[in-house]
Every structure is written in C-alpha cells, then in structure tokens.
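Descriptive analysis of the structure
What follows is each chain in one-letter form.
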Amino acid sequence: MSIDDSTAEDATDATDVWVPPPWEPPLDGTEVEHLLGALGRQRATVRWKADGLDEAGLRHRLPSSQLSLGGLLLHLAMGEDYYLVTKLRGERLVEPWRSLGHDGTDEWEFTTESLSAAEVYDAYDQAVRRNDARIEEALAEGGLDLVAHVDDGNGNHPRLRRLLFDMIEEYARHTGHADLLREAVDGRVGEDPPDDWQPPAGR
C-alpha cells in the first residue's frame, strides 16, 4: 500500500464515524440525561410515525379500534400537560384544550374529528415545547426528587422522577399502536426515523 492509499483509507474511515441523531439517548450519561433521552426518543418516534399525513391519514382507524394517529398525538399531548400541570403542580388542565374543543370527556381526543391536520400537529408540537420548559423549570427547582402535588390517597407523593418514568411508559405503550396504524395508512415501517429527519418541535 502506498502512502497515498493509506491517506485515502484514513479519510474514508473518518467519514464513516457514526454521528447519533438528536433523539438518540446517551450511552453513558447522568440519570437526568438518560430519562430525558429516553423521553425524547419516544417523542421523536411517535411524531415521525404520524408525520406528513392529511386529515384522512390522521383519522384512519383499524376496524377493531377507535385509535388513530391523530388521536394518539392529541392523547399524548394532553398526557404531557396532565403529568406536568395537574399531577406535578396541582393545577387544572384547561388551555389550550378548551379552545381546541375539548368537551370534558375522557375519550374526546380519540373521537374528535373537528381539527385539521395542521391543528393536530401544532397541538402536539406545542405541547412538547411547553413541557420541555416545564421539565427544565422543575429540575432547576428540585431536581428529580422534586415532590409532586398528586398523592396516592394515603398522603404519599411521587417525585418528578416517577412522573418522567410514567411519561416514558405512556409513550412506549402507544408507540406500538402508532407502528400498526401508520403501516395500515401507507405502509411506512421502521423502528427509528431516518437520520436526516428533524422533529418538528425542534425545528
């Protein structure tokens, strides 16, 4: 091998270094970094599974279920607010949901068809942005040991750590639903978004 060949090979090797996408959790981080990394990956996966559809695509349901991709996005957006507004702070969950037409029932987000595709995407993306800010504020206030307002009926309160784990669990459960629903809409499959895809909430 000539010197020129060795240099070319080294250059090729350098270009093959894997750069993780923004939603990839850390390999060796702090507890906070791992929790937020896992939440970010779930958010990105669900958002990619639902991305780029019109109203018909977001409302598509399988014959045996009331779930739709649009309904899942609204459900997860409301869930984020519920964990970080009601459970963490003890405040009523009102806006932006009242303005979006929430009728006070538990199944509204799964059955409503009054929102356009743009409104559904915006409701989800805005929820991610404001709850990122709420998580940052809570961590600055008391870290993962910040005591939440909600209790178990016996006066025992979870910490922020437990709420974040619960949020990840909620996403993980519905990511599998999103897999099946998106494949039924247009055949999109896959575990992770393409490396060049950007989560809209971070654009």
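A brief structural summary.

**Details of the environment of Glu33**
Mapped onto the elements of the fold, Glu33 is located in helix H2 (residues 31-50). Residue classification places Glu33 among the partly exposed residues on the basis of a relative accessible area of 43%. Reaching out from Glu33, the side chain makes a polar contact with the backbone nitrogen of Thr30 at a distance of 2.8 Å.

**Quick word on the environment of Ser65**
Along the chain, the position of Ser65 falls in the loop between helix H3 (55-59) and helix H4 (69-89). Residue Ser65 is classed as partly exposed on the basis of its relative accessible area of 23%. At 2.9 Å, the side chain of Ser65 and the backbone nitrogen of Leu67 are in polar contact.

**Comments concerning the packing of aromatic side chains**
One pass over the structure, following the stated rule, counts 3 aromatic pairs. On the basis of an interplanar angle of 75° and a centroid distance of 6.5 Å, the ring pair of Trp97 and Trp108 is categorised as edge-to-face. Placement of the pair is Trp97 in the loop between H4 and helix H5 (108-111) and Trp108 in helix H5, with a sequence separation of 11 residues.

**Some points on the environment of Asp195**
Along the chain, Asp195 falls in the segment after helix H7 (160-186). Each C-alpha atom of the pair Asp195 and Pro21 lies 5.8 Å from the other, and the pair is 174 residues apart in sequence. Every residue in contact with Asp195, bar those within four places of it in the chain, is listed here: Trp18, Pro21 and Trp23.

**Digging into the nonpolar core**
In this structure, Leu58, Leu88 and Trp97 are the most contacted members of the largest nonpolar core, which totals 42 residues. Considering every element that reaches this core, the biggest residue donor is H4, with 10 residues. Once you skip the residues sitting within four places of it in the chain, Leu88 turns out to touch Tyr83, Ala138, Leu146, Ala148, His149, Leu160 and Leu163.

**Section: the packing of H2 against H4**
Relative to each other, H2 and H4 sit at 150°, their axes nearing to 10 Å. Relative to H4, the element H2 lies roughly antiparallel. Seen along the crossing, H2 lies across H4 with a hand that is left-handed. In this structure, H2 uses Arg43, Val46, Arg47, Lys49 and Ala50 to contact H4, whose residues at the interface are Leu69, Leu73, Leu76 and Glu80. Looking at the contact of H2 with H4 residue by residue, the classes come out as 5 nonpolar, no polar and 4 charged.

**A closer look at H2**
In this model H2 runs 29 Å from its N-terminal to its C-terminal C-alpha over 20 residues, within 8% of the 28 Å that 1.5 Å per residue would give. Looking at the buried positions of H2, the neighbouring elements they touch are H3, H4, helix H6 (117-142) and H7. Following H2 by one or two positions, Gly52 adopts a phi angle in the positive range, close to 75°.

**With respect to the pattern of salt bridges**
All chains considered together, the criterion is met by 15 salt bridges. Between Glu141 and Arg89 there is a salt bridge, with its nearest N and O atoms 2.9 Å apart. Here Arg89 lies in helix H4 and Glu141 lies in helix H6, a separation of 52 residues in the sequence. Judged by relative accessible area, which is 47%, Glu141 ranks as partly exposed. Exposure remark for Arg89: the relative accessible area of 29% places this residue in the partly exposed category. Put simply, Asp186 and Arg182 hold a salt bridge, and the shortest N to O gap is 2.9 Å. In this pair, Asp186 and Arg182 are both assigned in helix H7, 4 residues apart and thus about one turn of the helix distant.

About the cut-offs
Residues numbered from 1 in each chain as written. Predicted model: local features only at pLDDT ≥ 70, side-chain atom pairs only at ≥ 80, totals over all residues. Heavy atoms only, no water. Helix = DSSP H or I, 4+ residues; strand = E, 2+ residues; numbered from the N terminus. Buried < 20%, exposed > 50% of the residue type's maximum accessible area, 1.4 Å probe, protein only. Polar contact = N/O pair within 3.5 Å; in protein donor to acceptor, adjacent residues only side chain to side chain. Phe/Tyr/Trp six-rings, centres within 6.5 Å; stacked < 30°, edge-to-face > 60°. Contact = heavy atoms within 4.5 Å. Core = buried A, V, L, I, M, F, W, Y, C linked by side-chain atoms within 4.5 Å. Axes fitted to C-alpha atoms, helices over the stretch in contact; angles between N-to-C directions. Parallel < 35°, antiparallel > 145°, perpendicular 65-115°, else oblique. Left-handed = near helix turned anticlockwise from the far one by under 90°. Nonpolar A, V, L, I, M, F, W, Y, C, P; charged D, E, K, R; others polar. Expected span 1.5 Å × (residues − 1). Salt bridge = Lys/Arg side-chain N within 4 Å of Asp/Glu carboxyl O.

In short, geometric facts, not functional conclusions.
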